[in-house]
Amino acid sequence: MDLPYLKIKGRSLLPVIQGGMGIGVSAHRLAGAVAAEGAVGTIASVELRRLHEDLMRPLRRLRDPAASAKANLIALDREIQEARRIAGKEGFIAVNVMHAISGYREHVLQAIKSGVNAVVVGAGLPMDLPTLAAEFPKIALIPILSEGRGVQLVLRRWMRQKRLPDAIVIENPQFAGGHLGATRLEDVSNPKYGFANVLPAIRKLFTELGLKPEQIPLVAAGGIASVQKMREIFSLGGSGAQLGTPFAVTTEGDAHINFKRVLADATPKDLVTFMSSAGLPARAVLTPWLRRYLGREEELRACASQDHSLCPSQTECLVHCGFKDGNSSSGQFCIEAQLAAAQRGDVQHGLFFRGAGQLPFGQQIRSVRDLIATLLCEAVSTSTENCMPAMAV
């Protein structure tokens, strides 16, 4: 490997972070496999109870938000322990927690208690994360942001709390998948989010705030799928890349094979951006359910009413849900139910989040090791020993 290591909390890691993908797409098997290779393996904390039948069985009768929340914390601990078993004690395990979920605080604290190396927070500005993790200085804290203004707001607030991010993921909404870092659909493709604009601007911001350029690694996310793209990120002042969709379709990915096939087989014309019920733009494959929903979206939004503030699944998974709250500016569907259907391979009823751009191996389903190798080497061969170590330190 001729690219620099990613330095986090005194560790030298391969400069690759596997993105967190919710409702069981990135759980213990994927995160453990990535961490075992010396990169950052990430478990997405949201709704992990669905991967554990013994936790789900009583919930089908109870339909109680408090019971679901408790089950999710139990499932999160289980997934972290299993990922650690796969990765070994030296593996670097992160947990991605959406700031927008109702159990944000509890998920952060459970992840720390369960022994993660890092907490990654997206879908909102995590202004309070340093205070929340104040008693755990050895845990890396990594926000996901999209442009300089958000980085400046977070840095100034964190500096008042006497803590800096251990890395910052900079997500370009033009290429990322799932929930995107823009607030409006019309902003998703705005050139201001381009890495060539954002990364140098943030380095300049560091100087203005009295920070050294290398003090906080910047990790680019969105549309990076080759060693050439990796080198481009480093040339702009980045320190690594975060990838979601390419990891989701690996053999070790935790989702059903149907999920992987939908993502791997999708062409650019199959991808659409739309407003999620979380109130954020999102990108997904235009599968049957999404096609039907978008065909009725205008009608459903017109019918939205704040007089019916009731969670249909009784999970209360999001703090603000356009469907539950009757907010006509947001999507009008139960995102938890649709993403869960996708994870278990239900092509007719699932919502399949996907990033834009061609995947590194096209329609092939390849291993985590092959994917990391193609990001760090000129070409993938049967042996990757010459381009990446078995384990970073």
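The structure we're discussing is the one just above.
Per chain, residues are indexed from 1 in the order of the written sequence. At least 70 in pLDDT is required for a residue's local features to be given in this predicted model, at least 80 for side-chain atom pairs to be given and counted, and no such filter applies to totals for whole chains, interfaces and linings, which use all residues. The basis for every side-chain value is the complete set of heavy atoms in the structure, and neither hydrogens nor water enter the calculation.

A short note on the packing of helix H2 (residues 53-62) against helix H3 (residues 65-87)
And then number 1: For helices, the axis comes from a line fit to the C-alpha atoms of the stretch in contact; other axes are also lines fit to C-alpha atoms, and the angle between any two N-to-C directions lies between 0 and 180 degrees. Secondary structure elements follow DSSP: runs of H or I of four or more residues count as helices, runs of E of two or more count as strands, with numbering from the N terminus. Two elements in contact, H2 and H3, have axes separated by 10 Å at closest approach and are oriented at 170°. In terms of orientation, H2 and H3 fall into the roughly antiparallel class. Residues Asp54, Leu55, Leu59 and Leu62 of H2 form the contact with H3, whose participating residues are Ala67, Ser68, Ala71, Ile74, Ala75 and Arg78.
And then number 2: Each residue is assigned to one of three groups, with Ala, Val, Leu, Ile, Met, Phe, Trp, Tyr, Cys and Pro labelled nonpolar, Asp, Glu, Lys and Arg labelled charged, and all others, Gly among them, labelled polar. Here the residues of the contact of H2 with H3 sort into seven nonpolar, one polar and two charged. Angles are sorted into four bins: roughly parallel if under 35 degrees, roughly antiparallel if over 145, roughly perpendicular if 65 to 115, and oblique for all others. Whether two residues touch is decided by their heavy atoms; if any such pair falls within 4.5 Å, the residues are in contact.

So, the packing of aromatic side chains
And then number 1: Only the six-membered ring of Trp is used, alongside the rings of Phe and Tyr, when aromatic pairs are assigned; centres must lie within 6.5 Å, and planes under 30 degrees apart are stacked while those over 60 apart are edge-to-face, with the rest tilted. Counted under the stated rule, the structure contains five aromatic pairs.
And then number 2: With a centroid separation of 5.0 Å and 70° between ring planes, the pair formed by Tyr293 and Phe333 is classed as edge-to-face. A residue pair is termed long-range when its members are at least 10 positions apart, and Tyr293 in helix H11 (residues 288-303) and Phe333 in the loop between helix H12 (322-325) and helix H13 (335-343) qualify at 40 residues.
And then number 3: Of the aromatic side chains, those joined through ring pairs into one cluster are Phe274, Trp289, Tyr293 and Phe333.
And then number 4: Should the NZ of a Lys or the CZ of an Arg lie within 6 Å of a ring centre and within 35 degrees of the ring normal, that charge is described as sitting over the ring. Sitting over the ring of Phe361, Arg366 keeps its end group 4.3 Å from the ring centre.

A look at the sheet that holds strand S13 (residues 281-285)
And then number 1: At least two DSSP bridges between two strands are required for those strands to pair. Spatially, three strands are ordered S9-S13-S12 in an open sheet, and the strand pairing comes out antiparallel. The sheet is open, and its two edges are formed by strand S9 (178-179) and strand S12 (271-275), each paired on a single side.
And then number 2: Inspection of the sheet shows S12 paired to S13 by five bridges, in the antiparallel sense. Looking at S13, one finds that Val272 is bridged to Ala284.

So, the pairing of strand S7 (residues 140-145)
And then number 1: Among the six residues of S7, six are classified as buried, and the element is accordingly described as predominantly covered.
And then number 2: We call a residue buried when its accessible area falls under 20% of the maximum for its residue type, exposed when it is over 50%, and partly exposed in between, using a 1.4 Å probe and counting protein chains only. Side chains of S7 alternate between two faces, with Ala140, Ile142 and Ile144 and Leu141, Pro143 and Leu145 buried alike.
And then number 3: Inspection of the sheet shows strand S6 (residues 118-122) paired to S7 by four bridges, in the parallel sense. From the neighbouring strand, Val119 faces S7, where its bridge partner is Leu141.
And then number 4: Two elements, S7 and strand S8 (residues 168-171), share two bridges in a ladder whose sense is parallel. Bridge pairing in S8 places Ile144 opposite Val169.
And then number 5: If you view a crossover with the strands going away from you and the path from the first strand over the helix to the second runs clockwise, you call it right-handed. Crossover handedness for the path S7 to helix H6 (residues 148-160) to S8: right-handed.

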